[in-house]
Amino acid sequence: MNERKLPPQLIRLVILTVAILGLYGLARFFLTPPSFGELGFYRALALEEATLRSPVFAGQKACDECHSDTIKKVAKAEHKTVSCESCHGPGRAHVENPEVKMGAIFCVRCHGVDPARSAWIKQVDPKKHYAGQRCAECHVPHQPSEVP
Amino acid sequence: MDAELTNLVYYVPPHVDGYVYPNEQNLLWSTLIVVYPYITGLVAGAFIMASLVRVFKVKALEPVYRLSMLTSLAFLLCAPLPLLFHLGHPERCLQIMMTPHLSSPMAMFGFVYAWYMMAVLLLELWFDYRRDFVAWSANVRGLRGILYRILTLGVHDVSEQALRLDDRMGKIISLVGIPSAFLLHGYVGFIFGSIKANPWWGNVLMPIIFIFSAIVSGISLCVLMYLLLNWARRQAQDINCLDAMGKFLFYALVVDASLEALDWIHRLYAAEESIHILKSLAAGRLFYTLLVGQVCLGTAVPLVILGGLQLFSRHVVPQVRQHLYTLSAALILFGVLAMRWNVVIGGQLFSKSLRGFTTYKMELAGHEGWLMSIALLVLPFIILGVLVKLFLPQKSPVTRTETGAAVSQAA
Amino acid sequence: MPCAPPTQRGTMIGKGYTRRKSLVALAGAAAGFLVMAPARKARAAVQKLFTSTGAPKGYDPTQHKWLMAINIERCIGCGLCVEACKKENHVPPQPTYFRTWIERYIIKKPRPGQAAVQGETVVDSPNGGAGGFPPCEIPREEILKAFYVPKLCNLCEHSPCTQSCPVGATFDTPDGAVLVDPKYCIGCGFCIQACPYGCRYFNPYTRTADKCSLCYHRITRGLRPACVEVCPAEARLFGDLKNMGPDDPIAKLVRTNKLHTLKPHLGTEPRVLYAGLDKEVR
């Protein structure tokens, strides 16, 4: 047997190996998504796609456009750390169409007595504290120290 | 977007004891992920068994060499299926080979699997069977004949030189195949061992324990397949082969048991923060699968039986020895499956807050249900049946000549 | 640059330069060139981003490094953040998927005769805290102290989740968030298992991994994340480390509090800062 020539079984195997590796290379070239690897090991377009969702909550600034008086009053009182949407819920729909009504949460959500609640927030037991009456009878939500 | 409404129409939360993080209430990795390491373990173990013949020249195991290789192949063909069924997006599975993230052990899967399948198992089988393919392609007609002709890859050289080359290549591949088999199953162990977030999984011994329990399960499977094949063909069981398999099974089981014992001894001794919840896990949620299934039935009982047989085999009739090997192999296979369950499911049953447990609500049907897992465990045996029909003809024991080339005694 | 001693072996190419030094200089220049090219490419890639309609124009991720900080003393457990997050990000409504949640820790008094500073710790998070917490079943007299702990993605510097993703579907953004690419994720769940903080879940609708995105679609438009927006108690603080003045709430928190992070021993280097964290919190 000629020393230089590979035995037939090995030749076939080498051909097969080259074919398989070539196929893999081609697949890799065509199937890697565009923008992959530009910023890191990920599709760089995913960064943009993550921003495409529309916000549901409008943000305090959006409320400020029409309700700046109320916001100024709130900012002077104890609820200055509370944003409009905390109590009134997501505002996007209302910003786009002011006809859409906004609700309000029940005050006990934050002010109900709870042993795990820090002492800095005033807490009441709704069963004992004027049970049955609306909070707004005696309290002004935007300026808690005032009386209505 | 289509939702999986079957579970979402009426949601029943699993029973939680103590506190688990809200996202941990439902288990993510199901019985499919229990079945996958089991299957790759059997692949690796059967191959190691076969390599005992090729590399370590254990003559007594000759009769089971080809069966072990075919078993390894049958299970290897089914190995990606549990993973594919488990993926949220199986149609994107090729991405793991197109953009493999090199820091992730799971990204190795595509390459290790392809390497092991093509460069180790199929190649070694081809070199071993080449002479027979050439012979059969000349004699057999019909579809089977076409198959054999294709498998010769157009090479019909069966001279003495070519056969010597075949044998040498087979030995080299077998030698390379041993670390490849370790890699195929060891990376699965590393997937678990690398998760530092989970104290049940994330430790150094995990890949090694996986490898040795794989070897143990693979040898047991070969024992059972050999017994089954001979019984089905009404051939005599070769008791020397069984004794040799039993011997290696015993040694492997001793190492495996020692490693698992070491794991527990170290955990209990070092007593890190997680030890309390892990002890509760082992004694509580995992009592039947771990203490009864894996330790007692799957390890201790086979150790006693096989150890006893090593010491007293002269006093035991071959018939009884055969039954004892059957029993031990079956118990070990069951025990190793229990071990995979304990690792995969057990690791998700307790919270990473170390404060509570959840429950695994196993589905019956559905692509992650246990019917699917059973089907995936049965499928390799069906494939093995086909392979045996095609490649292990009746009444053709294979022996090796002095040069080591494989010779069928009857074509 | 100090000259190499003339006794050094190697050809003297010029005054004070040996072959070794010039090779090193050449290698350094080549390395610099190699690094410059990808850096320039990355900057070009960033400038190409956010060009489609609907994307925030003019936002440069390399100019910001966002951070969230939690002040445990201030959290009142109202759960508005949990609800807001679910609404904002369309998180599946089932009581088991959360991008952020609140845990209530109740530390009981030690039993009479028990030589300990505190008794049993009871932790719960009913529905993640959304809708507020139901009244505590443990009587007031038995409670030593109790507090709420908001949890979310810890924005790890060495996130184990991005390390473990096999395809590159979850990544660290240049501006400090950790995002999932839902179009590329194959849903293997490895990242969910790898997160030590339990902040990831498998979204049954998209069948991909999902997690807190730091409301990326909001912060790139100059808004605050939804949870920060609705928090009434200034328990969640959000800021930009690259544009932080001394009056920034996070700067003030850092100056006036001892800070903690969750599970620092795991080496993930979580960036979310906790002020006032108790030893019982995991």
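Only a predicted model underlies this, so the values are computations on that prediction, with no experimental measurement involved.

Draft legend 1. Region of interest: the sheet that holds strand S3 (residues 66-71) of chain C. Residue and element names in this part refer to chain C. The four strands lie next to each other as S11-S3-S13-S12, forming an open sheet whose pairing is mixed. The sheet terminates laterally at strand S11 (236-240) and strand S12 (259-260), the two strands that pair on one side only. Packed on one face of the sheet, helix H7 (residues 249-256) meets S3, S11, S12 and strand S13 (273-275) and runs near 115 degrees to S11.

Draft legend 2. Broad picture of the domain arrangement of chain C. Residues and elements named next belong to chain C. Here the domain parsing of chain C yields domain 1 (17-53) and domain 2 (56-97 + 151-282). Counting residues at the interface gives five residues for domain 1 and seven residues for domain 2. Together domain 1 and domain 2 conceal approximately 450 Å² of surface at their shared face, both sides included; 70% is due to carbon and sulfur atoms. Across the contact surface, domain 1 and domain 2 share zero salt bridges. At the boundary of domain 1 and domain 2, one finds zero residue pairs in polar contact (both at pLDDT 80 or more). Residues that form the side of domain 1 that touches domain 2 fall into these classes: two nonpolar, three polar and no charged.

Draft legend 3. Just unusual backbone geometry, in detail. Residues and elements named next belong to chain B. Positive phi, normally seen in glycine, also occurs at Leu153, with a value near 55 degrees. As for its position among the elements, Leu153 is in the loop between helix H7 (142-151) and helix H8 (160-193). In this model, Arg234 sits at a positive phi of 50 degrees, which is unusual for a non-glycine residue. Within the element layout of this structure, Arg234 appears in the loop between helix H9 (206-232) and helix H10 (239-270). The exposure class of Arg234 is exposed, given its relative accessible area of 78%.

Draft legend 4. Quick look at the packing of aromatic side chains. Tallying each qualifying case throughout the model produces 34 aromatic pairs over all chains. Ring plane angle 20 degrees and centroid distance 5.7 Å describe the contact between Trp29(B) and Trp201(B), whose orientation is recorded as stacked. In this pair, Trp29(B) sits in the loop between strand S1 (17-18) and helix H2 (31-54) while Trp201(B) sits in the loop between H8 and H9, placing the two residues 172 residues apart along the sequence. Taken as a pair, Trp29(B) and Trp201(B) share a single burial class, namely buried. Relative to Trp264(B), the ring of Trp200(B) has its centre 5.8 Å away and its plane inclined at 65 degrees; by these criteria the two rings are edge-to-face. A residue pair is termed long-range when its members are at least 10 positions apart, and Trp200(B) in the loop between H8 and H9 and Trp264(B) in helix H10 qualify at 64 residues. Counting every residue linked through ring pairs, the aromatic cluster contains Trp29(B), Phe192(B), Trp201(B), Phe210(B) and Phe190(C). Over the ring of Tyr129(B) we find Arg66(B), and its NZ or CZ is 3.8 Å from the ring centre. Taking the ring centre of Trp126(B) as reference, the NZ or CZ of Arg130(B) above it sits at 5.9 Å.

Draft legend 5. Up close: the interface of chain B and chain C. With 41 residues of chain B in contact, the opposing surface of chain C contributes 53 residues. Interface area for chain B against chain C, summed over the two sides, is near 4,000 Å², with a carbon-plus-sulfur share of 54%. In terms of surface lost to chain C, no three residues of chain B exceed Asn23(B), Lys196(B) and Arg355(B), which account for 17% of the buried area on that side. Here chain B and chain C share two salt bridges between them. In this structure, Glu273(B) engages Arg282(C) in a salt bridge whose closest nitrogen and oxygen atoms are separated by 2.4 Å.

Draft legend 6. View of the nonpolar core. Counting 210 residues, the largest nonpolar core has Trp29(B), Leu61(B), Tyr116(B), Phe192(B), Met245(B), Phe391(B) and Tyr274(C) as its most contacted members. Take this core: its biggest share by element is 17 residues, from H2(B). With residues near it in sequence (within four places) discarded, Phe391(B) still touches Leu70(B), Tyr129(B), Phe133(B), Trp136(B), Leu147(B), Tyr148(B) and Leu151(B). Leu67(C), Leu237(C), Leu253(C) and Leu273(C) belong to the second-largest nonpolar core, a separate cluster that totals seven residues.

Draft legend 7. Structural view of the sheet that holds strand S6 (residues 143-151) of chain C. Residues and elements named next belong to chain C. Within the open sheet, the three strands sit side by side as S5-S4-S6. Their pairing is antiparallel. Strand pairing shows two members of the sheet lacking a second neighbour, strand S5 (121-124) and S6, which therefore form its edges. Adjacent strand axes in the sheet meet at a mean angle of 15 degrees, parallel and antiparallel pairs treated alike. Summarising the sheet, strand S4 (residues 101-108) and S5 pair through four bridges and their orientation is antiparallel. Across the sheet, Ile106 pairs through a bridge with Val122, a residue of S5.

Draft legend 8. Summary view of H7(C). All names here are of chain C. Looking only at H7, the buried set comprises Ile250, Ala251 and Leu253. Down the axis of H7, the sector holding all buried residues measures 160 degrees, keeping them to one side. What points out from H7, more than 90 degrees from its buried face, is the exposed set Arg255 and Thr256. Packing partners of the buried residues in H7 comprise S3, S11, S12 and S13. Structurally, the start of H7 carries an N-cap: the backbone nitrogen of Ile250 is 3.0 Å from a side-chain oxygen of Asp248.

Draft legend 9. Looking closely at the interface of chain C and chain A. Each partner contributes residues to the interface: chain C has 63 residues there, and chain A has 42 residues. Surface buried jointly by chain C and chain A totals about 4,200 Å² across both partners, of which 60% is contributed by carbon and sulfur atoms. It is Leu49(C), Ile76(C) and Glu229(C) in chain C that bury the most area against chain A; as a group they hold 13% of the surface buried on that side. Applying the counting criterion to the chain C and chain A interface returns four salt bridges. In this structure, the salt-bridge partner of Arg43(A) is Asp181(C), at a minimum N-O distance of 2.7 Å. Linking chain C with chain A are 17 residue pairs in polar contact (both at pLDDT 80 or more), by the criterion used here. Ranked by the residues each element gives to the side of chain C that touches chain A, the list is headed by helix H2 (residues 80-89) of chain C, at six residues. Residue composition of the side of chain C that touches chain A, grouped by class: 31 nonpolar, 15 polar and 17 charged.

Draft legend 10. Highlighting the environment of Gly284(B). All names here are of chain B. Tracing the chain through its elements places Gly284 in the loop between helix H11 (275-283) and helix H12 (287-312). For Gly284, a relative accessible area of 43% gives the class partly exposed. C-alpha separation for the pair Gly284 and Leu32, spaced 252 residues apart in sequence, amounts to 23 Å.

Draft legend 11. A look at the packing of H8(B) against H9(B). All names here are of chain B. It is at 7 Å that the axes of H8 and H9 come closest, and there the two elements cross at 135 degrees. Overall, the two elements H8 and H9 adopt an arrangement that is oblique. The handedness of the crossing between H8 and H9 comes out as right-handed. Only Met206, Pro207, Phe210, Ile211, Ala214 and Ile215 of H9 make contact with H8, whose side of the interface consists of Phe182, His185, Gly186, Val188, Gly189, Phe190, Phe192 and Gly193. For the contact of H8 with H9, the class distribution of residues is ten nonpolar, four polar and no charged.

Cut-offs and rules
Residues numbered from 1 in each chain as written. Chains lettered and ligands numbered in written order. Predicted model: local features only at pLDDT ≥ 70, side-chain atom pairs only at ≥ 80, totals over all residues. Heavy atoms only, no water. Pairing = 2+ DSSP bridges. Helix = DSSP H or I, 4+ residues; strand = E, 2+ residues; numbered from the N terminus. Contact = heavy atoms within 4.5 Å. Axes fitted to C-alpha atoms, helices over the stretch in contact; angles between N-to-C directions. Domains from an automatic or database assignment. Buried area = accessible area lost by both parts, 1.4 Å probe. Salt bridge = Lys/Arg side-chain N within 4 Å of Asp/Glu carboxyl O. Polar contact = N/O pair within 3.5 Å; in protein donor to acceptor, adjacent residues only side chain to side chain. Nonpolar A, V, L, I, M, F, W, Y, C, P; charged D, E, K, R; others polar. Buried < 20%, exposed > 50% of the residue type's maximum accessible area, 1.4 Å probe, protein only. Phe/Tyr/Trp six-rings, centres within 6.5 Å; stacked < 30°, edge-to-face > 60°. Lys NZ or Arg CZ within 6 Å of the ring centre and 35° of its normal. Core = buried A, V, L, I, M, F, W, Y, C linked by side-chain atoms within 4.5 Å. Arc of directions from axis to C-beta. Parallel < 35°, antiparallel > 145°, perpendicular 65-115°, else oblique. Left-handed = near helix turned anticlockwise from the far one by under 90°.

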